[in-house]
Amino acid sequence: MKKIIITGGTGRFGQTLKKYKSKYKLFFPSKKQLNILKFKSSLYYLKNIKPNYLVHLAGLSRPMNIHNKEIEKSIDLNIIGTSNITKLCSRFKIKLIYFSTNYVYPGVKGNYSEKDALLPVNNYAWSKLGGESAVHLYKNSLILRVSMTEKPFVHKRAFVNVKSNFLYHEDVIPILFKLLDKRGIINIGGPTQSIFHFAKKENKQVKKAYLKKNQNIGMPYNSSMSLKKLKIILKKKD
Ligand SMILES: NC(=O)c1ccc[n+]([C@@H]2O[C@H](COP(=O)([O-])OP(=O)(O)OC[C@H]3O[C@@H](n4cnc5c(N)ncnc54)[C@H](OP(=O)(O)O)[C@@H]3O)[C@@H](O)[C@H]2O)c1
């Protein structure tokens, strides 16, 4: 049975992944067993397990403004931590799958393809792009630019005038397993729609909100991605 190590398995997405049944043997090391900032201890863990794949989720994500307030933490976890993981995967020839974000695109016109120019929308996205830069050096890797969120939708209000292509965590998981052997960069998301429209389908109580120009919360108006590449790959496999 092929082995997959998941870093950041205690996080939001990792917890959902833990419940999923697959044909792989999944390992969810604790931060004590695999700390992405401790190169040697991570090395021993990987050497011991000898995985075929490593899905790299660990890092600093929310709240988004922590990346403005604590840039050292953001740089350490998302850039240096990801660089450490990339070096180790390269050393042991482990296939690396890195979870990046749609926020690396400029977030203005939407429908961004994997080949479009990047302009991260906030510090979080810059830190994730920093991680991408390391991963990109190692060719046996896959960068997933994902637009996802947890179910149920966490907020009481959702933006009517902000477009994205959110998928719920649980809907990303089967896609992830289908892409394990791909390389390069792939966008993952659902249909392009307003966040309100997305949230309303699962939660009838959600109220409308409007993002104002001067709100300055690092949220782009249209961070939707083209899913053309993903759809072609998924069609081929099925
Ligand atoms: N909205 C989204 O959900 C979304 C969208 C696109 C991409 N992503 C990316 O997907 C990944 C997973 O997201 P998430 O929401 O599940 O993240 P999360 O809930 O913030 O989880 C982060 C994980 O990283 C672990 N971690 C922190 N420092 C570590 C260290 N030094 N060594 C090892 N592990 C460490 C945390 O463990 P502790 O709890 O023990 O600190 C936690 O398990 C992230 O890389 C995120 O950037 C998320």
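Residues numbered from 1 in each chain as written. Predicted model: local features only at pLDDT ≥ 70, side-chain atom pairs only at ≥ 80, totals over all residues. Heavy atoms only, no water.

Here we take up the site of the ligand. Surveying the vicinity of the ligand reveals 22 residues, the closest of which are Thr10, Phe13, Asn35, Ser61 and Tyr124. The contact in question runs from an oxygen atom of the ligand to an N or O atom on the backbone of Gly11, over 2.9 Å. For the ligand, an oxygen atom lies 2.8 Å from a polar atom in the backbone of Phe13. Burial of the ligand by the surrounding chains reaches 83%, relative to a free accessible area of 910 Å². (Near = heavy atom within 4 Å. Polar contact = N/O pair within 3.5 Å; in protein donor to acceptor, adjacent residues only side chain to side chain. Areas by Shrake-Rupley, 256 points an atom, 1.4 Å probe, with all protein chains shown as cover.)

In terms of nonpolar packing, the biggest core is built from 26 residues, with Phe99, Leu144 and Leu179 touching the most fellow members. Those elements that place two or more of their residues in this core are strand S1 (3-7), helix H1 (12-18), strand S3 (53-56), strand S4 (95-101), strand S5 (141-146), helix H6 (169-179), strand S10 (184-188) and helix H8 (228-237). Counting residues per element, this core draws most heavily on H6, at six residues. Those residues in contact with Phe99 that lie beyond four places of it in its chain are Phe13, Val55, His56, Leu57, Lys128, Leu144, Val146, Met148, Val172 and Leu176. Formed by 23 residues, the second largest nonpolar core is a distinct cluster that contains Leu34, Ala58, Leu60 and Leu77. (Core = buried A, V, L, I, M, F, W, Y, C linked by side-chain atoms within 4.5 Å. Buried < 20%, exposed > 50% of the residue type's maximum accessible area, 1.4 Å probe, protein only. Helix = DSSP H or I, 4+ residues; strand = E, 2+ residues; numbered from the N terminus. Contact = heavy atoms within 4.5 Å.)

Another aspect to go through is helix H5 (residues 123-137). Since there are 3.6 residues in each turn of an α-helix, residues three or four apart along the chain are aligned in direction. End to end, H5 covers 22 Å across 15 residues, agreeing with the expected 21 Å (1.5 Å per residue, within 8%). Within H5 the residues assigned to the buried category are Tyr124, Ala125, Ser127, Lys128, Leu129, Gly130, Gly131, Glu132, Ala134 and Val135. Buried residues along H5 sit in contact with helix H3 (66-69), helix H4 (71-92), S4 and S5. Of the residues that open H5, the one with a side-chain oxygen 3.3 Å from the backbone nitrogen of Tyr124 is Asn122. (Expected span 1.5 Å × (residues − 1).)

Now for the sheet that holds S4. As summarised here, the arrangement of the six strands in space is S2-S1-S3-S4-S5-S10, forming an open sheet in which the pairing is parallel. Looking at which strands have only one partner, the edges of the open sheet turn out to be strand S2 (25-27) and S10. On average, adjacent strands in this sheet sit at an angle of 20° to one another, irrespective of strand direction. Two elements, S3 and S4, share four bridges in a ladder whose sense is parallel. Looking at S4, one finds that Leu54 is bridged to Leu96. The sheet strands contacting H5 are S4, S5 and S10, and the helix crosses S4 at an angle near 160°. (Pairing = 2+ DSSP bridges. Axes fitted to C-alpha atoms, helices over the stretch in contact; angles between N-to-C directions.)

The next subject is a nonpolar patch on the surface. A contiguous nonpolar patch, built from Leu37, Ile71, Ile75 and Ile80 and spanning about 320 Å² of accessible area, is present on the exposed surface. The partly exposed category is assigned to Leu37, whose relative accessible area is 39%. (Patch = residues over 30% accessible without salt bridge, like charges linked within 9 Å, V, L, I, M, F, W, Y side chains within 5 Å. Salt bridge = Lys/Arg side-chain N within 4 Å of Asp/Glu carboxyl O.)

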